[in-house]
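Here is what each chain is made of, one letter per residue.
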Amino acid sequence: MRINEKQKTYYYLCFFLIIIIAGHYLGWINWIENGARGLMVPYIAKIQAISHLNRVSSAGHDFTATACSMVDENISAAKIKLLETENTELKKLLDFRDSNKSKWITVAVLGKGLDNTANNIIIAGGDRDAIKVGQPVIAGAGVLVGRIVKTTDNIAIVQLINDSRFNISGLITNKDGSLGIVTGGYGLSLRMELIPRNEVVAVGESVVSGGLESDCPRGLMIGTIAVVENEAYKPFQQAVLTPAMDVKNISAVSVLVAI
Amino acid sequence: MIFSGKIFRAALFMCLSAAILLAHIFLVSVAPYPYNSVNIIIASVLWLILIFGKQSAIWMVVPVGFCLELFSVVPFGLILTSLVLSLSIMGWLMLHFFTNRSLYIVVLSAFFAIILYRSIFISGLLLLDYWQIRDLSPNNGALVGIIYELIFTPILLLFVYALSGILVRRFRPEYINFHSRGNYGQITKSFWRF
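Cut-offs used in this document
- Residues numbered from 1 in each chain as written.
- Chains lettered and ligands numbered in written order.
- Predicted model: local features only at pLDDT ≥ 70, side-chain atom pairs only at ≥ 80, totals over all residues.
- Helix = DSSP H or I, 4+ residues; strand = E, 2+ residues; numbered from the N terminus.
- Buried ≥ 20, exposed ≤ 12 C-beta atoms within 10 Å, placed from the backbone.
- Contact = placed C-beta atoms within 7 Å.
- Axes fitted to C-alpha atoms, helices over the stretch in contact; angles between N-to-C directions.
- Parallel < 35°, antiparallel > 145°, perpendicular 65-115°, else oblique.
- Left-handed = near helix turned anticlockwise from the far one by under 90°.
- Domains from an automatic or database assignment.
- Nonpolar A, V, L, I, M, F, W, Y, C, P; charged D, E, K, R; others polar.
- Core = buried A, V, L, I, M, F, W, Y, C linked by C-beta atoms within 7 Å.
- pLDDT = per-residue confidence, 0-100.
- Pairing = 2+ DSSP bridges.

Draft legend 1. Structural detail: the overall build of chain A. Broken down by element type, chain A carries three helices and 12 strands. The burial tally for chain A puts 37% of its 259 residues in the buried class. Of all intrachain contacts in chain A linking residues separated by at least 6 positions in sequence, the fraction that spans at least 24 positions is 56%.

In C-alpha cells:
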C-alpha cells in the first residue's frame, strides 16, 4: 500500500507529537523548554505592563480629561497612578507580613496565564525560592487570591480564586462559624457551597479560609456574602460571594512558603 | 534554488508560528472578558487551510502548542494533542467533505473545530481524574468560557476570511495560477455564495 503526501503529513505529525511528549517526560528537551520559557517571559511581562497601563489610563481618563488634553500628560498621569497602585499594594503586603509569623515570599506578577478559558497568573518565583505546588497566594492585606499549581525553576503558575477548577474550604464569620467549600468559575463572583441549612447566614458577612487544607492557614480573607440561596428541598444552602479583591489588577503577590 | 526555497519556507513557517503565538498572548492578556475567549490559534490555522488548501498548515500548531504547554497547568501534552487531533480531523474534513468555501462552511468549520478541541481536552482531563493522576476536572463555570469561545472564534474567522476574500478580489487573483497555489480560485468564485 502506497502512502500519499497527505497521509504522510498526518503520520509525521503523530510521530513528532509522540517525540515531543516522550522527550518532555524523559527530560530530553528540558533545555529547549527552558530556552523557550526564557524567551517568552519578558514578552509576557511587557504585555502585562501594557495591559496594566491601559486599565489605569482608562480608569483615570474621566478624572483628568478636562485638565490634561495632551497625550503625554495622560501617559505620565497613568504611570504615576500605576506606581501609586503598586506602592499601596506593596505597603499592604508588607504590613500583613510584619503582623504575621508565617514565612511569606513576595514576588512580582509577570502576566496572565496563556490558557484563555482558565484564570491563572504567572509569577516571578519558582523552585529556587522554595515555592511549591499547593501553597496559598495572597495580595494586599492578606486577601487570598489563589494557589500555586505549577512550578519551574524561576516561575510559578497561580490558579486564581475565580478559576473554574479552584476550590478551598471557607469559614463564614457568623456566630455559628459556618464552614463550606468556596469555588470559582462564575465570572466575577465566587460560590460557597455545602453550608449546613440550619445555620444562619446573612448578606454582608465575611468569608475567610477555613484552614482545613494542610498548606493554607485559617483566616485569609476571601470575600463577602452577596446572596444566600437556601432552598427547602436541598440539604445544604449556598451563597454567592463578592471577592475581596479584583484579581485582574494585581502586580505583586506573596506566597506562603512555611506556616 | 531548491535550498533557498526550503529556507524561505522554514523562515515563513517560523514567522507565522511566532505571530500566532504573540497574537494569542496579546489577546489573552489585553482583551477584556469575554472577548479574550477567542481561540486565535484554531482560527488562524483554519484560515490558512481555507486560503491555501493544504493540510500542512496544521504543523503551525506544533510550536505554538508546545509554547502554551510550558505555561499550562494541565499535564504536558494535553493541549498539544487536543490541538493537533482536532485540527487534523477538521483539516481532513475541510479538504475532503466541506470543500465548498462559502461563509456558512467557514463558520461551521470553526464551530466544529472548537467543539472537537474542547471535547478532546475535557475528555483528557476527565480520564486523568478517573485514573486519579490529578484532580483537574472543571465545574459548570468552565462551560461559560467554552461557550464564549464557540461564539467568538467563528465570528473572528468569518471576519478575517471575508477581509482576505475582499483583498484577494481587489488584487485581481486571476493572474495567480490556482492549480498550483491552492484554493484562491475557490474563494473568489464561491465567497459570497450563502
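Draft legend 2. Structural context of the overall build of chain B. Each helix and strand counted, chain B has eight helices and zero strands in total. Here chain B holds 194 residues, and 38% of them are scored as buried. Look at the contacts in chain B between residues 6 or more apart in sequence, and 66% of them connect residues 24 or more apart.

Draft legend 3. Quick look at the packing of helix H3 (residues 61-70) of chain B against helix H4 (residues 78-96) of chain B. Residues and elements named next belong to chain B. Look at H3 against H4: their axes get within 8 Å of each other, and the N-to-C directions meet at 155°. With respect to H4, the axis of H3 lies roughly antiparallel. Viewed along their axes, H3 and H4 form a crossing whose handedness is right-handed. Contacts between H3 and H4 involve Val61, Val62, Gly65, Phe66, Leu68 and Glu69 from the first element and Ile79, Leu80, Leu83, Val84 and Leu87 from the second.

Draft legend 4. Representation of the domain arrangement of chain A. All names here are of chain A. If you check the domain split of chain A, you get domain 1 (1-99) and domain 2 (131-148 + 160-258). Taken together, the contact between domain 1 and domain 2 spans 10 residues of the former and eight residues of the latter. Here the element with the most residues in the side of domain 1 that touches domain 2 is helix H3 (residues 71-99); it accounts for eight residues. Considering only residue class, the side of domain 1 that touches domain 2 consists of three nonpolar, one polar and six charged.

Draft legend 5. View of the environment of Val45(B). All names here are of chain B. As for its position among the elements, Val45 is in helix H2 (residues 40-52). In sequence terms Val45 and Ile147 are 102 residues apart; their C-alpha atoms lie 20 Å from each other. Contacts of Val45, omitting those with residues within four sequence positions, involve Ala57, Ile58, Met60, Val61 and Leu87.

Draft legend 6. Up close: the nonpolar core. Among the nonpolar cores identified, the biggest contains 99 residues, and Ile123(A), Val145(A), Ile222(A), Val253(A), Ile42(B), Val45(B) and Leu46(B) are the most heavily contacted of them. Split by domain, this core shows at least three residues from each of two domains, domain 1 (1-99) and domain 2 (131-148 + 160-258) of chain A. With sequence-adjacent residues up to four places away left out, Val253(A) is seen in contact with Val107(A), Val109(A), Ile123(A), Val137(A), Ile138(A), Ala139(A) and Val145(A).

Draft legend 7. Quick look at the confidence of the model for chain B. Residue and element names in this part refer to chain B. Of all residues in chain B, 80% have pLDDT values of 70 or greater, and the mean over the chain is 81. At the level of individual helices and strands, chain B shows its lowest average pLDDT in helix H7 (residues 178-181), which scores 50, and its highest in H3, which scores 92. Interface confidence in the predicted complex, given as ipTM, is 0.79; pTM for the same model is 0.78.

Draft legend 8. Quick look at the pairing of strand E6 (residues 167-172) of chain A. All names here are of chain A. Within E6, five of the six residues are buried, leaving the element largely enclosed by the surrounding structure. Of the pairings in the sheet, the one linking E6 to strand E9 (residues 206-209) comprises three bridges and is antiparallel in character. Opposite Gly170, over in E9, you have Ser209 as the bridge partner.

Draft legend 9. Up close: the environment of Leu188(A). Position of Leu188(A) among the secondary structure elements: in the loop between strand E7 (179-186) and strand E8 (189-196). Sequence separation between Leu188(A) and Ser169(A) is 19 residues, and the spatial gap between their C-alpha atoms is 19 Å.

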